[in-house]
Every structure is written in C-alpha cells, then in structure tokens.
Amino acid sequence: MGFFSKLFGTQQKEETTMENVKVAVIYYSSTGTNYKMAQWAEEGAKEAGAEVKVLKVPETAPQGAIESNPAWKAHVKATKDVPEVTLADLEWADAIIFSIPTRFGNVPGQVKQFIDTTGGLWFNGKLANKVVSAMTSAQNPHGGQEQTILSLYTTMHHWGAIVASPGYTDPVLFTTGGNPYGTSVTVDQEGNMVENVEPAVKHQAKRTVTVAGWVKQGNQ
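1. Here we look at the overall build of the chain
Okay, step 1: From N to C terminus, the chain includes 10 helices and six strands.
Okay, step 2: Expressed as a percentage of its 220 residues, the buried residues of the chain come to 50%.
Okay, step 3: Considering only intrachain contacts with a sequence separation of at least 6, the fraction spanning at least 24 residues in the chain is 80%.
Okay, step 4: When the accessible surface of the chain is totalled, it reaches about 10,800 Å², and 52% of it is carbon and sulfur.
Okay, step 5: Across the chain, 18 positive and 21 negative side-chain charges occur, with their mean positions spaced 4 Å apart.

Quick look at the structure:
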C-alpha cells in the first residue's frame, strides 16, 4: 500500500453514504462567496445521503451600509428567499457546516450575535455531540482564514460539539489550498474566488456527514 493509500484510505470508504443524517449548512455572506460555498456543501452532503437545510445568518448591518455597496445590495436581494437560521434548526441538525468570511481574524459580528443566542440550548445540553465543520474566505491568502475557523471552533468546544476538520484526508486538499482546519478561499477585488475550492468543499461536507453518521449510529 502506497503513502497516499495509507494516508487517505480507499475512495469507497470515504464516500460511504449515511442515511438520515440531518445537516444544517449555515452561512453568512455579504457579496456571495460564502453562499456559493454553502451551496457546494449542500451538494456534497446530499451526495453523501444527508437531509440538508441551507440557512443564512440574519443580517444586522445598517441598511445604509448595504445600500452603499452595490454587490452587497444585490446579494441581499438575490437571497431574500433563503430562510434565516433559528435555534430550532440547530436542535434539529445532527451536523452543522458553517461558511463565513473572516473579519480581522474572527467571525463576523452577525455570526457572533447569533451564536450568543444559543446559551439556552447549550445550558440544556442540546448542542453536545453535534458534528461541526467550518469554511471561510478572505481577500488575502493569509488574511485570517485559519484563525477565523479556529475562533469559531473555540465556541464549538464550549458547546461540546465534535469538530470534523478535513485534515489531509483526501488528495484534493493539496490542490485547493491545503487548509486542514476547513476549506478557505481567497477572493480578488472583483469578488472572484482565486482557488478552485469546490472539490474541497464537497469533500469536507461528505466527511462531515460520514462522521455525523458514525456518531448517530453510536448513539442508537
């Protein structure tokens, strides 16, 4: 068995479907990058046999700020029908995949504000053993992507959640940036993704579903 076979295992093992795993793909996006990543995550999770909801974090920015940025304004309009995440969605999900941009190496204020409402679920043990994974974006290759994901994972540890990071569990990670904590992408000044991270996002989603399936089966 070669090095890559030992490292990644067999493709058949990685793509084993897990029925009845419920996945909430939660995103925040001002101009569309993380929404697109959330859609790819949805596709990957569904390919792995999961039931999936794509949900957006409520926008709390002033309307004036949104109106001042044509791309932001257009994205808000384009996604007006995407449901906003609720605490009930967190309780429903077996697994949660976050797709959020970085803000100074941390999560956006909109995301933090929502997370701060989860105290009741946490107190009652409703978030323990959720399987979680995260993705992010920034305008620079070293613009805080890894730190943003790790900052989010800090909260997940307080929840008692199980972090399903992609690590280096598939060769695709080496061709899409190689971030072992979660898929990250660079966005240029025109709003275009620099790296082709779609394969990495889908692999991460499938891995999250697989881990959630193991946890769910173990609890039955």
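2. Some points on the environment of Val209
Okay, step 1: Within the secondary structure layout, Val209 lies in helix H10 (residues 198–219).
Okay, step 2: For the pair Val209 and Lys56, spaced 153 residues apart in sequence, the C-alpha separation works out to 20 Å.

3. Structural notes on the pattern of salt bridges
Okay, step 1: Under the defined criterion, the tally for this structure stands at 10 salt bridges.
Okay, step 2: Here Lys46 makes a salt bridge to Glu42, at a shortest N to O gap of 3.1 Å. Here Lys46 pairs with Glu42, and both are found in helix H3 (residues 33–47), just four residues apart, close to one helical turn.
Okay, step 3: Here Lys46 falls in the partly exposed class, since its relative accessible area comes to 46%.
Okay, step 4: By sharing partners, the salt bridges in this structure join Glu43, Glu198 and Lys202 into a single network.

4. Some thoughts on the packing of aromatic side chains
Okay, step 1: In this structure the tally under the stated criterion is three aromatic pairs.
Okay, step 2: Considering the side-chain rings of Tyr27 and Tyr35, the 5.0 Å spacing of their centres and the 35 degrees angle between planes classify their relative orientation as tilted.
Okay, step 3: Its guanidinium or amino end placed over the ring of Trp92, Lys53 lies 4.3 Å from that ring's centre, counting from NZ or CZ.

5. Considerations on the pairing of strand S3 (residues 95–101)
Okay, step 1: With seven of seven residues buried, S3 lies mostly within the body of the structure.
Okay, step 2: Judged by which residues are buried, S3 turns out to be covered on both faces: Ala95, Ile97, Ser99 and Pro101 on one side and Ile96, Phe98 and Ile100 on the other are all buried.
Okay, step 3: Alignment of strand S1 (residues 22–27) against S3, held across five bridges, turns out to be parallel. Bridge assignment links Val23 to a residue of S3, and that residue is Ala95.
Okay, step 4: Looking at chain direction, S3 and strand S4 (residues 131–138) are connected through seven bridges and run parallel. Across the sheet, residue Ile97 finds its bridge partner in S4, namely Ser133.

6. Comments concerning the packing of H3 against H10
Okay, step 1: Axis separation between H3 and H10 bottoms out at 7 Å; the angle between their running directions is 50 degrees. Relative to H10, the element H3 lies oblique. Here H3 runs over H10; the crossing is right-handed. Together, Met37, Trp40, Ala41, Glu43, Gly44, Ala45 and Glu47 of H3 and Glu198, Val201, Lys202, Ala205, Lys206 and Val209 of H10 make up the contact between the two elements.
Okay, step 2: When the residues that make up the contact of H3 with H10 are grouped by side-chain class, the tally is seven nonpolar, one polar and five charged.

7. Brief notes about unusual backbone geometry
Glycine aside, residues mostly have negative phi, and peptide bonds are mostly found in the trans state.
Okay, step 1: Phi is positive for Phe104, close to 55 degrees, though the residue is something other than glycine.
Okay, step 2: In this fold, Phe104 is placed in the loop between S3 and helix H7 (109–115).
Okay, step 3: Note on Phe104: relative accessible area 90%, which makes it exposed.

8. What about the environment of Asn192?
Okay, step 1: For Asn192, the position within the fold is in the loop between strand S6 (184–186) and H10.
Okay, step 2: Placed 72 residues apart in sequence, Asn192 and Gly120 show a C-alpha to C-alpha distance of 39 Å.
Okay, step 3: Those residues within four positions of Asn192 in sequence are excluded, and the remaining contacts are Thr186 and Val187.

Procedures and definitions
Residues numbered from 1 in each chain as written. Predicted model: local features only at pLDDT ≥ 70, side-chain atom pairs only at ≥ 80, totals over all residues. Heavy atoms only, no water. Helix = DSSP H or I, 4+ residues; strand = E, 2+ residues; numbered from the N terminus. Buried < 20%, exposed > 50% of the residue type's maximum accessible area, 1.4 Å probe, protein only. Contact = heavy atoms within 4.5 Å. Areas by Shrake-Rupley, 256 points an atom, 1.4 Å probe, with all protein chains shown as cover. Lys, Arg positive; Asp, Glu negative; His and termini not counted. Charge placed at Lys NZ, Arg CZ, Asp CG, Glu CD. Salt bridge = Lys/Arg side-chain N within 4 Å of Asp/Glu carboxyl O. Phe/Tyr/Trp six-rings, centres within 6.5 Å; stacked < 30°, edge-to-face > 60°. Lys NZ or Arg CZ within 6 Å of the ring centre and 35° of its normal. Pairing = 2+ DSSP bridges. Axes fitted to C-alpha atoms, helices over the stretch in contact; angles between N-to-C directions. Parallel < 35°, antiparallel > 145°, perpendicular 65-115°, else oblique. Left-handed = near helix turned anticlockwise from the far one by under 90°. Nonpolar A, V, L, I, M, F, W, Y, C, P; charged D, E, K, R; others polar.

Treat this as a map of the structure, not an account of what it does.
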